[in-house]
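Chain by chain, the residues:
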Amino acid sequence: MKKATMKKSGANEAKGGGSPSRHIDARIKELADWRGDTLARIRSVIKQAVPDVVEEWKWRGVPVWEHDGIICTGETYKAVVKMTFAKGAALDDPTDLFNSSLEGNTRRAIDFHQGDKIDEKALKALVREAAALNVSARAARKKPKSA
């Protein structure tokens, strides 16, 4: 009998079987157009920015990237690929990447349309900042209260 092993990444098995990463692979392949290419590029940038990022598959088919909490999601629609940052309102965005969901108190998003060029350097910086924010928030929650 084969011994069960835990994945170090903590990636949950998606409902219906298969790893979240495989579900994201399948979504990219299924789109087979500019949206799949854009999602694949975004995914690559995220993995370069935060190499130990954990991929998840949530909410009936939304790719999610986590590092001590949700960094961002990658939703695909007919005319846009939307990259939503869970704590985007708390992030510095010196290059004005955020162009959607600007009115909220917490989230911010980047809508990519067909033909848009991705500023990979700025996007990596934003992803790294989001991961760092998650790490600092986690550390703050674990800190013992002083007497």
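Residues numbered from 1 in each chain as written. Predicted model: local features only at pLDDT ≥ 70, side-chain atom pairs only at ≥ 80, totals over all residues. Heavy atoms only, no water.

From N to C terminus, the protein chain includes three helices and five strands. Tracing the protein chain from N to C terminus, the helices and strands come up as α-α-β-β-β-β-β-α. Burial statistics for the protein chain: of 147 residues in total, 43% are counted as buried. A fraction of 50% describes how many contacts in the protein chain between residues 6 or more apart in sequence connect residues 24 or more apart. Of the roughly 9400 Å² of accessible surface on the protein chain, 52% is carried by carbon and sulfur atoms. (Helix = DSSP H or I, 4+ residues; strand = E, 2+ residues; numbered from the N terminus. Buried < 20%, exposed > 50% of the residue type's maximum accessible area, 1.4 Å probe, protein only. Contact = heavy atoms within 4.5 Å. Areas by Shrake-Rupley, 256 points an atom, 1.4 Å probe, with all protein chains shown as cover.)

Counting buried positions over the seven residues of strand 3 (residues 70-76) gives six, a clear majority of the element. Note that strand 2 (residues 62-66) and strand 3 share three bridges and pair antiparallel. Across the sheet, Glu 66 pairs through a bridge with Ile 70, a residue of strand 3. Hairpin connection, strand 2 to strand 3: the antiparallel pair is bridged by three residues, and Asp 68 has positive phi, about 55 degrees. For strand 3 and strand 4 (residues 81-85), the ladder comprises five bridges, and the chain directions are antiparallel. By the bridge assignment, Cys 72 is partnered in strand 4 with Phe 85. Adjacent in sequence and paired antiparallel, strand 3 and strand 4 are bridged by four residues. (Pairing = 2+ DSSP bridges.)

Right, let's talk about the packing of aromatic side chains for a bit. As enumerated under the stated definition, the model contains one aromatic pair in all. Centroid distance Phe 85 to Phe 98: 5.5 Å. Interplanar angle 80 degrees. Geometry classified as edge-to-face. In this pair, Phe 85 sits in strand 4 while Phe 98 sits in the loop between strand 4 and strand 5 (108-112), placing the two residues 13 residues apart along the sequence. For Phe 85, a relative accessible area of 0% puts it in the buried group. By relative accessible area, Phe 98 is classed as buried at 10%. (Phe/Tyr/Trp six-rings, centres within 6.5 Å; stacked < 30°, edge-to-face > 60°.)

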